[in-house]
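An overview of the molecular structure
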Amino acid sequence: TINRESTDIVDLRFPIRHIHNDYLRSNAILNDLSDVDITSPQNGEVIGYDASTQTWKNRSGGGDMLKSVYDADNDGIVDAAESVDWTGVQNKPATYPPESHQHDAGAIVSGTLSTDRFSAYGDLQAESRIGMGIGLLPTGTDLRRALNQSSDITEDFTDASLPSGWSWADSPFITPPTVDYAYSGTLLRARGYTTAFRSFLFKTAPNLYAYSILCGFEVGTQTGAYAGVRLDDGTDNNYVEVVWWNTWSTTEPNICVYLRQRTGGGTVAETEMTNMRQTMPLTFTRLTIAANGTRWSNWIPVARLDNQYFRLRGAFDGTSVAWTPTRAGVVFGAPAASNWMVWGVDAVAF
């Protein structure tokens, strides 16, 4: 080397103080693949020297994303892209048409349903949603019953034996000595009594407003003989009866209508309901007990008579009661032996 400022010639065979770039250090010399910190070299990879570790590493792209950092769960999707904030989503559609689906009825809490969604009458019947009672839909017949104008016969006594669901009550009642079922086609007759008696043919009382019986008896000399409709609570302590009542007379008509009521085992209150009398019971005239007021916590038994020629007097209500009827049916009675008299029931409507 010739120094321009002098003509001295420097001997380059002796080392001169200097430094080396990292690439020229001995451990930075790339001799073969063993000098590279890559376990699985790929075609086209670019390597570079890392002075901090003094090793050769993959430098492809000059800033490649490391899978271990950006796809830690190894599902092939950059982790940050799996939870993009909604505001960062581009080209979002303005509307999202719903796919076809259904909802349970319990999920519908507002709005108005189309009548197309209402159950058919047959469905309501199958679901036991029709009838008289809380939560039920009344039919026209049910409404007539509620108005005490029912003409629906629920038992016509055409069977040759005791109809299903009916029973003769135990003591203090007695079963008739002789019962003729389906007499003359549609009558139930009770006869052959040899002592004073009461008989009660009943079934479980439905929860209604009115209970009707078509019944009667052959007229005799027995004052106090009766036949009619009865409601009770399963005992003889709480009951109401609307009955044909015989007040025997040789000169005057002797059949009237009585309302008989007993509450809490007390004295039986007997009130004549008619302002005119007949010579015989009107067998095909319906006797009805109607329940007015709040059933069954505070209700008044009311006598009804379905005959325009045989009228009830002005006051035909009983007294307010709070018991619940469990039995309904037809009741017969007489204060003495009546083995020749016949009591009959034609039909029940409740």
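Just so it is clear, the structure is predicted and the values come from calculations on it, not from any experiment. (Residues numbered from 1 in each chain as written. Predicted model: local features only at pLDDT ≥ 70, side-chain atom pairs only at ≥ 80, totals over all residues. Heavy atoms only, no water.)

Describing the environment of V257
The following threshold applies: We count a stretch as a helix when DSSP gives it H or I for four or more residues in a row; a strand needs E for two or more, and each element gets its number in order from the N terminus. Here the term buried applies to any residue with accessible area under 20% of the maximum for its type, exposed to any over 50%, and partly exposed to those in between, with areas from a 1.4 Å probe on protein chains only.
On the secondary structure map, V257 appears in strand β10 (residues 255–262). Owing to a relative accessible area of 1%, V257 belongs among the buried residues under this scheme. Separated by 30 residues in sequence, V257 and L287 place their C-alpha atoms 8.8 Å apart.

Considerations on the packing of aromatic side chains
Rules: Aromatic rings from Phe, Tyr and Trp, taking only the six-membered ring of Trp, are treated as a pair when their centres fall within 6.5 Å; an angle between ring planes under 30 degrees marks them as stacked, one over 60 as edge-to-face, and anything in between as tilted.
Throughout the structure, instances matching the rule amount to ten aromatic pairs. With a centroid separation of 4.7 Å and 25 degrees between ring planes, the pair formed by W245 and Y258 is classed as stacked. Placement of W245 in strand β9 (residues 239–246) and of Y258 in strand β10 is noted, with a sequence separation of 13 residues between them. Residue Y258 is classed as buried on the basis of its relative accessible area, which comes to 14%. Here a set of aromatic residues connected by ring pairs shows up, and it is made of F173, F200 and F202.

Quick word on unusual backbone geometry
Backbone torsion omega between S171 and P172 reads 15 degrees, so that peptide bond is classified as cis. Within the element layout of this structure, P172 appears in the loop between β3 (167–168) and β4 (178–183). The residue after R295, namely W296, is reached through a cis peptide bond having omega -5 degrees. Along the polypeptide, W296 turns up in the loop between β12 (287–294) and β13 (298–305). Phi angles above zero are rare outside glycine, and S184 is one such case at about 55 degrees. Residue placement: S184 occurs in the loop between β4 and β5 (187–193).

Description of the pattern of salt bridges
Side chains bearing opposite charge may pair, as long as their charged atoms lie close to each other. The condition is simple: A pairing counts as a salt bridge when a side-chain nitrogen of Lys or Arg comes within 4 Å of a carboxyl oxygen of Asp or Glu.
Tallying each qualifying case throughout the model produces ten salt bridges. A salt bridge links D232 to R230; the shortest N-O distance between them is 3.1 Å. We classify D232 as buried; its relative accessible area is 0%. The partner of D232 in a salt bridge is R327, and the shortest N-O contact between them spans 2.8 Å. Of this pair, D232 sits in strand β8 (residues 226–232) while R327 sits in strand β14 (residues 327–334), placing them 95 residues apart in sequence.

What to know about the sheet that holds β14
Worth spelling out the cut-off: For two strands to be treated as a pair, DSSP must find no fewer than two bridges joining them.
The seven strands are arranged β3-β6-β14-β8-β9-β10-β11 in an open sheet whose pairing can be described as antiparallel. In this open sheet, the two edge strands, each paired with only one partner strand, are β3 and β11 (269–272). Here eight bridges tie strand β6 (residues 197–204) to β14, and the two strands are oriented antiparallel to one another. The partner of L201 across the bridge, within β14, is V330.

Some points on the environment of A80
By the secondary structure assignment, A80 is in the loop between α1 (67–70) and α2 (121–126). A relative accessible area of 57% places A80 in the exposed class. The sequence separation of A80 and Y70 amounts to ten residues, and the corresponding C-alpha distance is 7.6 Å.

Points about the nonpolar core
Inclusion rule: In these notes, a set of buried Ala, Val, Leu, Ile, Met, Phe, Trp, Tyr and Cys residues joined through side-chain atoms within 4.5 Å is what counts as a nonpolar core.
One finds F332 and W343 to be the most contacted residues of the largest nonpolar core, which totals 44 residues. One finds Y226, V243, Y258 and V331 within the second-largest nonpolar core, a separate group that totals ten residues.

A few points about the confidence of the model for the chain
Quick note on the threshold: One confidence number per residue, pLDDT, is output by the predictor and ranges from 0 to 100. Only heavy atoms enter the contact rule, under which two residues are in contact if any of them lie within 4.5 Å.
When pLDDT is averaged along the chain, the result is 77; 73% of the residues meet or exceed 70. Per-element mean pLDDT across the chain ranges from 57 in helix α3 (residues 140–146) up to 96 in β3. Across residues 18–26, confidence stays below pLDDT 50; counting only partners more than four residues off in sequence or on other chains, it has seven contacts.

A short note on the pairing of β12
Bridge count for strand β7 (residues 210–217) against β12 is four bridges, and the pairing is antiparallel. Bridging from a neighbouring strand, S212 pairs with T288 of β12.

With respect to the environment of V179
Mapping V179 onto the fold places it in strand β4. V179 sits twelve residues away from R191 along the chain, and the two C-alpha atoms are 6.5 Å apart. Not counting residues up to four positions away in its chain, the partners in contact with V179 are W168, L188 and R189.

Regarding a nonpolar patch on the surface
Heads up, the rule is: Like-charged residues are merged into a patch within 9 Å and nonpolar side chains (Val, Leu, Ile, Met, Phe, Trp, Tyr) within 5 Å, provided each residue has over 30% relative accessible area and no salt bridge. With residues, only the protein chains shown are counted as cover, and all accessible areas are computed by Shrake-Rupley using a 1.4 Å probe.
Taken together, the side chains of L66, V69, Y70 and V78 present a nonpolar region at the surface, about 370 Å² in accessible area. Along the chain, V78 turns up in the loop between α1 and α2. Accessibility expressed as a relative area gives 37% for V78, which makes it partly exposed.

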